[in-house]
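Inside the fold
The lines below spell out each chain.
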Amino acid sequence: MSDSQRVFGLHAVGSLLQRTPGKVTVLLVQDNRNDARVEQLLSAAEAADIVVRRVPRRELDELAAAANHQGVVAEMGKTGGLGENDLPAFLDDLSKPAFVLVLDSIQDPHNLGACLRSADAAGVDVVIVPKDKSASVNATVRKVACGAAEVLPVVRVTNLARTLRSLKDRGIWIYGAAGEADASIYQTRFDGATAIVMGSEGKGLRRLTREHCDALFSIPMAGSVSSLNVSVATGICLFEVRRQQAILSK
């Protein structure tokens, strides 16, 4: 089984068992761990009728590529997920204006996982990433996302520019975050169906991606640093959209 179908770490596995236990086929637990947090996971697995295996730490080290698994690894069966061809119908079937996050070439799995966690918390409907030059949703991403990767649709697309045009055709306004933009996020009105586009670490938005945005905005920086980590910036942007839309809906 590839590591893209494994979740490790107490928090991530606990969230998975709480939110979508049906996706877990086997729970692997370090043979000498019997503390309260592990007992909670074992109880959740028993309640969901999930097979539990006690294994030596070295086996978990190999499965988690020596990452900090904290003595637990959940293996999942293959899931279909949301494919690129399914995206138009998914957006058309939404019962409310779409809220989309587009991540243009995020390559650090820790950043991708953190972005997914923020996206789930902010109520994003779907996350879109290009197939090339982007981190895959692997075990590290799942651990950092703390369960968000299991419930939030992530669609990998072949041609991001074409996908952005498709979003526009569906009445979704596309806003790109760019440090050099004249308008700040607080001067930008997010109303109705919205897609927020975040650029890669270091380089930001690619030229073609930028050209397909309806508007660009920046995040005002009051201190001495010139930019934010992309996952931090993503959280700020998503929750500003939610704040504005909550006000406008009243």
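None of these values were measured; they are calculated from a predicted model. (Residues numbered from 1 in each chain as written. Predicted model: local features only at pLDDT ≥ 70, side-chain atom pairs only at ≥ 80, totals over all residues. Heavy atoms only, no water.)

**Digging into the overall build of the protein**
Each helix and strand in the protein was counted, giving 10 helices and 10 strands. In summary, the protein has a C-alpha radius of gyration of 19 Å against a globular reference of 18 Å for 250 residues, a match within 12%. Taken along the three principal axes of its C-alpha coordinates, the protein extends 55 × 45 × 40 Å. By the burial criterion, 48% of the 250 residues in the protein qualify as buried. Long-range pairs, those at least 24 residues apart, make up 81% of the contacts in the protein between residues at least 6 apart in sequence. (Helix = DSSP H or I, 4+ residues; strand = E, 2+ residues; numbered from the N terminus. Rg over C-alpha atoms; globule rule 2.2 N^0.38 Å. Buried < 20%, exposed > 50% of the residue type's maximum accessible area, 1.4 Å probe, protein only. Contact = heavy atoms within 4.5 Å.)

**Overview of the nonpolar core**
In this structure, Leu 101, Leu 103, Leu 116, Val 127, Ile 196 and Met 198 are the most contacted members of the largest nonpolar core, which totals 33 residues. Where this core is concerned, the elements lending two or more residues are β5 (99–103), α5 (109–122), β6 (126–130), α6 (139–145), α7 (148–151), β8 (173–177), β9 (194–198) and α10 (230–248). The residues touching Leu 101, leaving out its near neighbours within four places in the chain, are Cys 115, Ala 119, Val 124, Val 126, Val 127, Ile 128, Ile 196, Met 198, Thr 234 and Leu 238. Of all hydrophobic cores here, the second largest spans 20 residues; its members include Val 100, Leu 160, Ile 174 and Ala 195. (Core = buried A, V, L, I, M, F, W, Y, C linked by side-chain atoms within 4.5 Å.)

**Regarding the packing of α5 against α10**
Two packed helices can be described by the angle between their axes and the distance between those axes. In contact at an axis separation of 9 Å, α5 and α10 are set at 15 degrees when each is read in the N-to-C sense. Classified by the interaxial angle, the pair formed by α5 and α10 is roughly parallel. With respect to the hand of their crossing, α5 and α10 are arranged in right-handed fashion. Of the residues in α10, those touching α5 at Asn 111, Ala 114, Cys 115, Ser 118, Ala 119, Ala 121 and Ala 122 are Val 230, Ser 231, Thr 234, Gly 235, Leu 238, Phe 239 and Arg 242. Grouping the amino acids of the contact of α5 with α10 by side-chain chemistry returns 8 nonpolar, 5 polar and 1 charged. (Axes fitted to C-alpha atoms, helices over the stretch in contact; angles between N-to-C directions. Parallel < 35°, antiparallel > 145°, perpendicular 65-115°, else oblique. Left-handed = near helix turned anticlockwise from the far one by under 90°. Nonpolar A, V, L, I, M, F, W, Y, C, P; charged D, E, K, R; others polar.)

**What to know about the packing of helix α1 (residues 10–19) against helix α2 (residues 36–47)**
At a minimum axis distance of 10 Å, the contact between α1 and α2 shows a crossing angle of 25 degrees. As judged from the angle between their axes, α1 and α2 are roughly parallel. Viewed along their axes, α1 and α2 form a crossing whose handedness is left-handed. Together, Leu 10, His 11, Val 13, Gly 14 and Leu 17 of α1 and Arg 37, Val 38, Leu 41 and Ala 44 of α2 make up the contact between the two elements. Here the residues of the contact of α1 with α2 are counted per class, giving 6 nonpolar, 2 polar and 1 charged.

**What to know about α5**
For α5, built from 14 residues, the straight-helix expectation of 20 Å at 1.5 Å per residue is met to within 8% by its first-to-last C-alpha distance of 20 Å. Within the sequence span of α5, burial applies to Asn 111, Leu 112, Gly 113, Cys 115, Leu 116, Ser 118, Ala 119 and Ala 122. Along its buried surface, α5 packs onto β5, β6, α6, α7, β7 (154–157) and α10. The residue sitting at the N-terminus of α5 and contributing the capping side-chain oxygen is Asp 108; that oxygen lies 2.8 Å from the backbone nitrogen of His 110. (Expected span 1.5 Å × (residues − 1). Polar contact = N/O pair within 3.5 Å; in protein donor to acceptor, adjacent residues only side chain to side chain.)

**Focus: unusual backbone geometry**
Phi at Gln 70 takes a positive value of approximately 60 degrees, unusual for a residue other than glycine. Looking at the element boundaries, Gln 70 is found in the loop between α3 (57–63) and β4 (72–76). Judged by relative accessible area, Gln 70 falls into the partly exposed class, the value being 27%. Even without being glycine, Ser 105 reaches a positive phi, approximately 70 degrees. Mapped onto the fold, Ser 105 is located in the loop between β5 and α5. Residue Ser 105 is classed as buried on the basis of its relative accessible area, which comes to 4%.

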